[in-house]
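Fold and contact review
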Amino acid sequence: MTETVLFEIEQQSSLADVATYLRNVAEKLESGEQVTLEAGTERVTLDPPETVEFEVKAEHEGPEGTGELSLELELEWDENSDGSGDSSLSIN
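Residues numbered from 1 in each chain as written. Predicted model: local features only at pLDDT ≥ 70, side-chain atom pairs only at ≥ 80, totals over all residues. Heavy atoms only, no water.

**Here we look at the pattern of salt bridges**
Enumeration over the complete set of coordinates arrives at four salt bridges. Ionic pairing is found between Lys-28 and Glu-33, a salt bridge with its closest N-O pair at 3.2 Å. Residue classification places Glu-33 among the partly exposed positions, given a relative accessible area of 40%. Between Lys-57 and Glu-55 there is a salt bridge whose closest N-O contact spans 3.6 Å. For Glu-55, a relative accessible area of 29% gives the class partly exposed. Among the charged side chains, a salt-bridge network with shared partners connects Glu-55, Lys-57 and Glu-59. (Salt bridge = Lys/Arg side-chain N within 4 Å of Asp/Glu carboxyl O. Buried < 20%, exposed > 50% of the residue type's maximum accessible area, 1.4 Å probe, protein only.)

Printed below as a string of C-alpha cells:
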C-alpha cells in the first residue's frame, strides 16, 4: 500500500496553542464539518465520516530517563466510508 503525505507540519508550540488547535478540530468533528489544515502554501481539506478508527498512543523513545516522550492521536478511515463502530476509550 502506497502512502502519500497530503499535509505535514512540525513546530514548537505552547500547550495553550496546541489545545486551541485540538479544540478547533474537535468542534469541526462534532458538528460534522470538513476539517481544513493550512500552513503557508500547504492546504488540505478532509471530510471524515461519522465513525472513524481512533488510535491513541503514548511512547517513550531512547534511554531510560533521558529519552523522548510522545502522545500521538490519529484518526483513520477508508475513503468513501460512511463509518460505523463503537467506542470504549476514556481520556481523563
